[in-house]
Amino acid sequence: MPSLIAEKLGLTLPIFKSGRSGMKGGKPPVHRDPRFLTSGSGKLTGFKVLTNISFELRTGDRLGIVGRNGSGKSTLLSVLGGIYEPTEGELKVDGKVRGIFNLSLGLNNDATGYRNIQMLGLVAGLTLDEIEHKIPEIAEFSELDEFLMMPVSVYSSGMRMRLLFATFTAFRPEILLLDEWLGTGDVNFRQKAGRKMQEIVEDAGIVVLASHNHKLLQENCNVSVWLEGGQIAMYGDTQEVIAAYEDQQAKIKNAKPEEQQSPLKAIEQSHAE
Ligand SMILES: Nc1ncnc2c1ncn2[C@@H]1O[C@H](COP(=O)(O)OP(=O)(O)OP(=O)(O)O)[C@@H](O)[C@H]1O
């Protein structure tokens, strides 16, 4: 049975080269983002993208990840997908993980949709025979039909999305990670994708979905995390997490400039409430 357990995960990425900050005399700015790490001389050396991330997902869980731009949603998905090794804590993954992180990664533009399916299948460890058996399902779900014989370079972003989603889900992942782009699909495809995710979950799988589209998360995720400045501001029932996040967003929108909070202040306040 698949499971995904994050225990106090942290990720610090090094900064090898940073431009001038524009600060006179190298003095740090007064309100700088506390995620930046500096050397003794004040030079930027790293960025703590994620801090103290813990959750536990078991068979049938559908986790939503919500948060402002730059809060760490895509990076967390990358850690869960094994693209980044956490620099702190531990990630315990039991199950075959497939992630669709963006619409260009993993697709060869010069090859046809059909060749791309074969290549993605081989990378996923399937035989050509097994992949061939999946083609009708992929062609039907993606609605690409004869476009599968055209190079991917002529596909629209929606077509690329349908190709990737149909292919990865046809390979029956136990743990499926999906980034923001799914929310950009048309309503019809989003509904189909929702049903497909449900099938994966019913097949004893786990789905993790990062999105700014609250409706998509509310319809598809039983639990959610709200990320703020790379930390978990809230983790729990999706409806409650989204309601709290929207409330926070409304407060920020209506706040006077002098009352605007730093992301980490926002977490402190949400914990205090
Ligand atoms: N390779 C990197 N090196 C340094 N900082 C990085 C790197 N990748 C991401 N970051 C920083 O980590 C933070 C989180 O980025 P991430 O893309 O995960 O956010 P996000 O929540 O997905 O944002 P969005 O909603 O805009 O897609 C950002 O401040 C970003 O600048």
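Because the structure is predicted, anything quoted here is derived from the model rather than measured.

### Some details on the side chain of Asn220
Here comes step 1: Position of Asn220 relative to the elements: it lies in helix H6 (residues 214–220).
Here comes step 2: Taking relative accessible area as the criterion, Asn220 reaches 10% and is therefore assigned buried.
Here comes step 3: Residues contacting Asn220, with those up to four places away along its chain left out, are Arg62, Gly194, Met197 and Leu209.

### Some thoughts on the confidence of the model for the protein chain
Here comes step 1: Averaged over the protein chain, the pLDDT score is 87; the fraction of residues at 70 or greater is 86%.
Here comes step 2: Across the protein chain, element-level confidence peaks in strand E9 (residues 223–228) with a mean pLDDT of 98 and bottoms out in helix H8 (residues 263–272) with 58.

### What about the packing of helix H4 (residues 157–170) against helix H5 (residues 187–202)?
Here comes step 1: Running from amino to carboxyl end, H4 crosses H5 at an angle of 15°, the nearest separation of the two axes being 11 Å. By the angle between their axes, H4 is roughly parallel relative to H5. Crossing angle aside, the handedness with which H4 passes H5 is left-handed. When H4 is examined against H5, the residues Met161, Arg162, Phe165 and Thr169 are found in contact with a partner set consisting of Phe189, Ala193, Lys196, Met197 and Ile200.

### Comments concerning the sheet that holds strand E4 (residues 62–67)
As a general point, the strands of a sheet are linked pairwise by backbone hydrogen bonds and lie either parallel or antiparallel.
Here comes step 1: Pairing is mixed in the open sheet, where six strands are placed in the order E6-E7-E8-E4-E9-E10. Each end of this open sheet is capped by a strand with a single partner; those strands are strand E6 (97–100) and strand E10 (231–237). Between one strand and the next, the sheet's axes are offset by a mean angle of 15°, whatever the strand orientation.
Here comes step 2: One ladder, built from four bridges, connects E6 with strand E7 (residues 175–178); its direction is parallel. The residue of E7 that forms the bridge with Gly99 is Leu177.
Here comes step 3: Running over the sheet, helix H1 (residues 73–80) touches E4, E6, E7, strand E8 (206–210) and E9 and is turned about 145° from E4.
Here comes step 4: Strand contacts of helix H7 (residues 238–254): E4, E9 and E10, with the helix running at about 135° to E10, the strand carrying the most contacts.

### Overview of the layout of surface pockets
Here comes step 1: What the largest pocket holds in volume is close to 290 Å³.
Here comes step 2: Taken together, 14 residues make up the lining of the largest pocket; nearest its centre are Gly99, Gly106, Leu120, Val123 and Phe168.
Here comes step 3: Of all the secondary-structure elements, those providing two or more residues to the lining of the largest pocket are E6, helix H2 (113–123) and H4.
Here comes step 4: Looking at the lining of the largest pocket element by element, the count peaks at four residues for E6.
Here comes step 5: Within the lining of the largest pocket, the residues separate by chemical class into 10 nonpolar, three polar and one charged.

### Description of the pattern of salt bridges
Here comes step 1: Using the criterion set out here, one finds 11 salt bridges in the structure.
Here comes step 2: As a salt-bridge pair, Arg58 and Glu56 come within 2.5 Å of each other at their nearest N and O atoms.
Here comes step 3: Residue classification places Glu56 among the partly exposed residues on the basis of a relative accessible area of 43%.

### Considerations on the sheet that holds strand E5 (residues 88–94)
Here comes step 1: Taken in spatial order, the four strands make up an open sheet running E2-E3-E1-E5, and their pairing is antiparallel. Across the chains shown, the open sheet's two edge strands, defined by having one partner strand only, are strand E2 (36–38) and E5. When the angles between neighbouring strand axes are averaged without regard to direction, this sheet yields 30°.
Here comes step 2: Taken together, the six bridges between strand E1 (residues 3–14) and E5 define a ladder with antiparallel strand orientation.

### Some words on the nonpolar core
Here comes step 1: In terms of nonpolar packing, the biggest core is built from 44 residues, with Leu163, Phe165 and Leu178 touching the most fellow members.
Here comes step 2: Counting residues per element, this core draws most heavily on H4, which supplies eight residues.
Here comes step 3: Excluding residues within four positions of it along the chain, Leu163 makes contact with Leu107, Gly113, Asn116, Ile117, Ser142, Leu144, Leu148, Val152 and Tyr155.
Here comes step 4: Counting residues in hydrophobic clusters, the runner-up holds 27 residues, among them Ala6, Ile15, Ile175 and Val225.

Calculation notes
- Residues numbered from 1 in each chain as written.
- Predicted model: local features only at pLDDT ≥ 70, side-chain atom pairs only at ≥ 80, totals over all residues.
- Heavy atoms only, no water.
- Helix = DSSP H or I, 4+ residues; strand = E, 2+ residues; numbered from the N terminus.
- Buried < 20%, exposed > 50% of the residue type's maximum accessible area, 1.4 Å probe, protein only.
- Contact = heavy atoms within 4.5 Å.
- pLDDT = per-residue confidence, 0-100.
- Axes fitted to C-alpha atoms, helices over the stretch in contact; angles between N-to-C directions.
- Parallel < 35°, antiparallel > 145°, perpendicular 65-115°, else oblique.
- Left-handed = near helix turned anticlockwise from the far one by under 90°.
- Pairing = 2+ DSSP bridges.
- 1 Å grid on protein atoms, 1.4 Å probe; cavity = no way out; pocket = protein on both sides within 12 Å on 5 of 7 lines; lining within 4 Å.
- Points joined across faces, edges and corners; volume = space filled by probe spheres on them.
- Nonpolar A, V, L, I, M, F, W, Y, C, P; charged D, E, K, R; others polar.
- Salt bridge = Lys/Arg side-chain N within 4 Å of Asp/Glu carboxyl O.
- Core = buried A, V, L, I, M, F, W, Y, C linked by side-chain atoms within 4.5 Å.

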